[in-house]
Amino acid sequence: MGAEFVQFSLTPILIGILASIACALPGNFLVLRKQALIGDAISHVVLPGIVVAFLITGSVAALPMLLGAAGAAIVAVILIEAIKRLGNIEPGAAMGVAFTSLFAGGVLLLEQSDTSSVHLDVEHALMGNLESLIWFKAQGWSSLWDLEALAALPHELGRIAVVCALVIVLTVIFWRPLKISTFDESFAQALGLPVGAIGFGLVVTAAVAAVAAFDAVGSIIVIAMFICPPAAARLMTNRLETQVTWSIVFATLSAILGYVFAGYGPLWFGAQNAVSAAGMIATVSGIILALACLFGPYRSRIGVGREEAA
Amino acid sequence: MDMRTPLALAANNGHIPRDIAKIDAPLAVRGMTVSYGEKPAIFSVDATFEAGKMTAIIGPNGAGKSTLLKAALGVIPSLSGEVSVFGNPLGVARDRIAYVPQRASVDWDFPTTVIDVVMMGLYRKTGLLSRLTGAHRAHAMACLDRVGMADFADRQIGQLSGGQQQRVFLSRALAQEADLYLLDEPFAGVDAATERAIIDVLAGLKADGKAVVCVHHDLATVSRYFDNVFLINVRRIAEGPVTAVFTPENLHATYGGRLATSHIDQLDLVAGA
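Residues numbered from 1 in each chain as written. Chains lettered and ligands numbered in written order. Predicted model: local features only at pLDDT ≥ 70, side-chain atom pairs only at ≥ 80, totals over all residues. Heavy atoms only, no water.

> How should I be thinking about the packing of helix α1 (residues 3-32) of chain A against helix α11 (residues 240-268) of chain A in this particular structure?
All names here are of chain A. Viewed as axis vectors pointing N to C, α1 and α11 meet at an angle of 145°, and their least axial separation amounts to 8 Å. Where α1 crosses over α11, the two elements pack in a sense that is right-handed. For the contact of α1 with α11, the class distribution of residues is 16 nonpolar, 7 polar and no charged. (Axes fitted to C-alpha atoms, helices over the stretch in contact; angles between N-to-C directions. Helix = DSSP H or I, 4+ residues; strand = E, 2+ residues; numbered from the N terminus. Left-handed = near helix turned anticlockwise from the far one by under 90°. Nonpolar A, V, L, I, M, F, W, Y, C, P; charged D, E, K, R; others polar.)

> Honestly, the interface of chain A and chain B in this entry has me stumped. Any pointers?
Accessible area lost upon the coming together of the parts is a frequently used measure of interface size. Each partner contributes residues to the interface: chain A has 33 residues there, and chain B has 39 residues. Approximately 3100 Å² of surface area, both sides summed, lies buried where chain A meets chain B, with 58% of it carried by carbon and sulfur atoms. Looking only at chain A, the three residues that lose the most surface to chain B are Arg176, Phe183 and Phe187 of chain A, adding up to 26% of its buried area. Linking chain A with chain B are 4 salt bridges, by the criterion used here. Note that Asp107 of chain B is salt-bridged to Lys34 of chain A, the shortest N-O span being 2.8 Å. There are 12 residue pairs in polar contact (both at pLDDT 80 or more) connecting chain A and chain B. Breaking the side of chain A that touches chain B down by element, the ones donating at least two residues are α7 (155-173), α8 (175-183), α9 (185-190), α11 and α13 (304-309) of chain A. The greatest single-element share of the side of chain A that touches chain B, amounting to 6 residues, is contributed by α8 of chain A. Class assignment for the residues of the side of chain A that touches chain B results in 15 nonpolar, 8 polar and 10 charged. (Contact = heavy atoms within 4.5 Å. Buried area = accessible area lost by both parts, 1.4 Å probe. Salt bridge = Lys/Arg side-chain N within 4 Å of Asp/Glu carboxyl O. Polar contact = N/O pair within 3.5 Å; in protein donor to acceptor, adjacent residues only side chain to side chain.)

> Any chance you could explain the pattern of salt bridges here in plain terms?
Side chains that differ in sign of charge can pair as their charged atoms come close. Inspection of every chain in the model, using the stated rule, returns 16 salt bridges over all chains. Lys179 of chain A is the partner of Glu241 of chain A in a salt bridge, and the nearest nitrogen-oxygen pair spans 3.0 Å. Of this pair, Glu241 of chain A sits in helix α11 while Lys179 of chain A sits in helix α8; the two residues are 62 residues apart in sequence, bridging distant segments of the chain. Under the relative-accessibility criterion, Glu241 of chain A is labelled partly exposed at 28%. Residue classification places Lys179 of chain A among the buried residues on the basis of a relative accessible area of 8%. One network of salt bridges, with partners in common, ties together Lys179, Arg239 and Glu241 of chain A together with Asp116 of chain B. (Buried < 20%, exposed > 50% of the residue type's maximum accessible area, 1.4 Å probe, protein only.)

> So what exactly am I meant to see when it comes to the layout of surface pockets here?
Roughly 1200 Å³ of volume is contained in the largest pocket. Looking at the largest pocket, it is lined by 47 residues, and the ones nearest its centre are Gln35, Ile38, Gly199, Phe200 and Val203 of chain A. Contributions of two or more residues to the lining of the largest pocket are made by α2 (36-57), α3 (62-87), α4 (91-112), α8, α9, α10 (195-234) and α13 of chain A. For the lining of the largest pocket, the class distribution of residues is 32 nonpolar, 7 polar and 8 charged. There is about 550 Å³ of room inside the second largest pocket. What lines the second largest pocket is a set of 21 residues, and nearest its centre among them are Trp175, Arg176, Lys179 and Glu241 of chain A together with Leu132 of chain B. (1 Å grid on protein atoms, 1.4 Å probe; cavity = no way out; pocket = protein on both sides within 12 Å on 5 of 7 lines; lining within 4 Å. Points joined across faces, edges and corners; volume = space filled by probe spheres on them.)

> Any chance you could explain empty space enclosed by the protein here in plain terms?
Unoccupied space between atoms shows up once a probe the size of one water molecule is rolled over them. All names here are of chain B. Counted according to the given criterion, the structure contains 1 cavity of 30 Å³ or more. Of the voids in this model, the largest cavity is the one considered here, and its volume is about 60 Å³. Elements that contribute at least two residues to the lining of the largest cavity include exactly β2 (40-49), β8 (228-233) and β9 (235-241). Of the residues forming the lining of the largest cavity, the biggest block, 3 residues, is contributed by β8. Class assignment of the residues belonging to the lining of the largest cavity gives a composition of 4 nonpolar, 4 polar and 2 charged.

> Hey, could you run me through a nonpolar patch on the surface in this one?
There is a patch of nonpolar side chains on the surface, built from Leu253, Leu257, Phe261, Tyr264, Leu267, Trp268 and Phe269 of chain A and spanning about 760 Å² of accessible area. Counting through the fold element by element, Trp268 of chain A comes out in helix α11. (Patch = residues over 30% accessible without salt bridge, like charges linked within 9 Å, V, L, I, M, F, W, Y side chains within 5 Å. Areas by Shrake-Rupley, 256 points an atom, 1.4 Å probe, with all protein chains shown as cover.)

> Quick question: what am I supposed to make of the sheet that holds strand β4 (residues 80-84) of chain B here?
Note: strands within a sheet are paired through backbone hydrogen bonds, in either parallel or antiparallel orientation. Residue and element names in this part refer to chain B. Reading across the sheet, the 3 strands line up as β2-β1-β4 and stay open at both edges, with antiparallel pairing between neighbours. On the outer flanks of this sheet lie β2 and β4, each paired with one strand and no other. Within the sheet, the average angular offset between the axes of one strand and its neighbour, ignoring direction, is 15°. Strand direction decides the pairing type here: strand β1 (residues 27-35) and β2, joined by 6 bridges, are antiparallel. Considered in β2, the bridge of Val34 is made with Ile42. Against the sheet, helix α2 (residues 65-73) makes contact with β1, β2 and β4, and its axis sits at roughly 110° relative to β1, the strand it touches most. (Pairing = 2+ DSSP bridges.)

> Could you clarify how one ought to interpret helix α7 (residues 162-175) of chain B in this entry?
Counting along an α-helix, one turn takes 3.6 residues, and residues three or four places apart therefore face a common direction. Under the 1.5 Å per step criterion, the end-to-end length of α7 of chain B is 20 Å for 14 residues, consistent within 8% with the ideal 20 Å. Just downstream of α7 of chain B, Glu177 of chain B is the residue with a positive phi angle, here 50°. (Expected span 1.5 Å × (residues − 1).)

> Got a minute to help me understand the sheet that holds strand β5 (residues 97-100) of chain B in this structure?
Residue and element names in this part refer to chain B. Across the sheet, which stays open at both edges, the 6 strands sit in the order β5-β6-β7-β3-β8-β9 with mixed pairing between neighbours. Looking along the sheet, the strands with just one partner apiece sit at the ends: β5 and β9. Ignoring strand direction, the axes of neighbouring strands in this sheet form an average angle of 15°. Note that β8 and β9 share 6 bridges and pair antiparallel. Across the sheet, residue Asn228 finds its bridge partner in β9, namely Pro241. Seen against the sheet, α2 touches β3 (54-58), β5, β6 (180-184), β7 (211-215) and β8 and runs at an angle of roughly 140° to β6.

> Explain α4 of chain A here, please?
All names here are of chain A. With 22 residues, α4 ought to run about 32 Å at 1.5 Å a step, and its terminal C-alpha atoms sit 31 Å apart, in line with that. Regarding α4, the residues found buried are Ala94, Ala98, Phe99, Leu102, Phe103, Gly106 and Leu110. An end-on view of α4 places all buried positions within 150° of arc, on one side of the element. Relative to its buried face, α4 has exposed residues pointing more than 90 degrees away, namely Leu108, Glu111 and Gln112. In the core, the buried residues of α4 are packed alongside α2, α3, α5 (122-127) and α10. (Arc of directions from axis to C-beta.)

> What is the right way to look at the packing of aromatic side chains in this model?
Centre-to-centre distance and the angle between the planes together describe a pair of aromatic rings. All names here are of chain B. Applying the stated criterion to the full structure yields 11 aromatic pairs over all chains. Aromatic pair Phe49 and Phe230: ring centres 5.8 Å apart, planes at 50°, arrangement tilted. Of this pair, Phe49 sits in strand β2 while Phe230 sits in strand β8; the two residues are 181 residues apart in sequence, bridging distant segments of the chain. In this structure, Phe49 and Phe230 share a single accessibility class: buried. (Phe/Tyr/Trp six-rings, centres within 6.5 Å; stacked < 30°, edge-to-face > 60°.)

> Is there a simple way to explain the packing of α7 of chain B against helix α8 (residues 192-207) of chain B in this structure?
The packing of two helices is summarised by the inter-axis angle and the distance between the axes. Residues and elements named next belong to chain B. Running from N to C, α7 and α8 point in directions that differ by 15°, and their axes come no closer than 9 Å. In terms of axis orientation, α7 runs roughly parallel to α8. Relative to α8, the crossing made by α7 is left-handed. Counting all contacts with α7, which are made through Gly163, Gln164, Gln166, Arg167, Leu170 and Leu174, the residues of α8 involved are Ala193, Thr194, Ala197, Ile198, Val201, Leu202 and Leu205. Its residues assigned to classes, the contact of α7 with α8 shows 8 nonpolar, 4 polar and 1 charged. (Parallel < 35°, antiparallel > 145°, perpendicular 65-115°, else oblique.)

What follows is the structure, encoded as structure tokens:
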């Protein structure tokens with residue numbers, strides 16, 4: 001774990017961890033609200049928005065990307081309403097149609113437009129470019145105190161760090177309203193809590209996390225991290241506080257193990273090339289969920305209480 | 001100005017002041033109309049609920065009983081109507097209301113414990129960030145004790161029986177230390193012991209001068225449990241003391257053909273007025 005690790009692996013692992021946590025935190029509440037697919041939907045809608053924002057501004061700066069994603073989200077909402085009303089189709093189906101169409105449209109836009117100057121193509125949209133986010137200037141661990149070297153950190157790291165910190169702060173500040181309104185919406189309303197705004201804020205936070213993570217790690221990780229760590233964490237405990245802690249542990253574990261397996265795993269089996277880190281991180285999070293389903297201490301409760309309550 | 005008490009006004013069916021600002025009852029609703037689709041769920045409903053009384057909201061399925069409570073609390077939007085809580089607008093007097101939603105309206109698989117749910121009742125006091133202290137926990141435990149659930153404080157809520165879940169909900173309402181308690185079907189699907197425990201707690205609240213309003217289904221227990229009754233079937237049918245209003249005529253008017261005459265005869269009703 002010397003200079004080479006710091007130069008080639010430290011920043012991708014850190015970005016992977018921060019992106020995973022930023023998505024997993026709001027994912028906890030989305031899963032409990034039975035809105036897990038919103039995370040899926042967001043990561044699909046983000047793509048055409050980002051491409052259009054890039055085509056207009058010619059840059060991949062944070063603000064145009066966010067605005068583009070927000071614009072795409074509005075288009076998605078209008079599309080869903082239109083499909084629901086004109087086609088007389090149930091909301092779930094309308095969502096599925098709108099989100100996949102928008103994503104496919106984003107892929108076509110990407111192919112037809114000249115985005116070769118930046119990391120914006122179909123492959124990166126899906127899998128990100130984690131492996132390429134290396135820290136060229138790093139000489140070793142001492143570079144962590146070297147201002148000049150720090151200035152040369154990949155800008156994706158700073159962006160996802162800010163977003164991850166923002167997500168953590170928002171989760172802490174709005175913990176009680178989030179918890180109360182997720183558990184018992186009408187009680188929350190009777191308390192005078194702005195339930196609609198809380199739900200909207202949660203989705204917006206998830207969208208911001210998705211946009212920030214999308215750039216570095218691609219949509220596969222975003223989709224996986226919204227659902228897998230929180231769902232696995234739910235099987236480990238019966239307390240929300242502990243569940244959220246577990247989800248952070250699982251997200252971190254997925255990022256580290258996924259990156260290591262992607263880089264070294266194929267070599268262990270005699271293969272020559274590394275595989276996609278983003279793909280492997282998402283796979284590891286899925287395996288963790290599978291293990292939690294098989295061995296998690298509280299897996300038996302899921303789905304039981306509902307019949308009783310009905 | 002009319003100097004009669006709200007009770008007299010309410011009992012005097014139909015003669016109710018339209019000016020809601022003149023009513024200082026725990027809860028007064030005027031001209032409330034709510035619609036989920038084309039047809040109104042409740043239509044131009046007036047209601048006045050009194051302090052120191054237990055009131056049952058009675059009516060057939062789909063009559064708008066829960067809707068009336070939810071609309072009064074602003075949980076669902078109303079097309080029209082005014083609400084006054086202790087003579088104030090809802091927004092000013094919210095802290096004085098405790099609401100117990102239908103037990104089946106929440107997911108009991110939610111990862112939380114009994115004591116955590118009761119502490120949710122402290123939200124208006126603790127706000128976003130202030131620390132929960134030992135005093136808060138002691139208060140929550142005392143509220144659990146009042147419904148006989150203190151031994152279950154650290155259980156996951158999904159492990160409780162239906163009756164125990166209902167008691168936890170009531171305990172959360174007690175933690176709010178409110179003056180007006182609105183309960184949506186508190187006796188639905190609970191065991192006899194729980195029904196007894198809930199009634200005892202509600203009677204205690206009444207004795208303390210609080211107002212208690214329950215959406216209620218069991219016509220057979222109305223006279224035993226409640227002081228007042230509010231009969232509704234989309235429109236208000238009647239409201240007032242059980243002894244005056246809980247009559248076969250009013251029940252027929254409320255339930256129409258859905259309630260057999262033989263069934264009404266078995267009830268402990270006031271003789272036809």
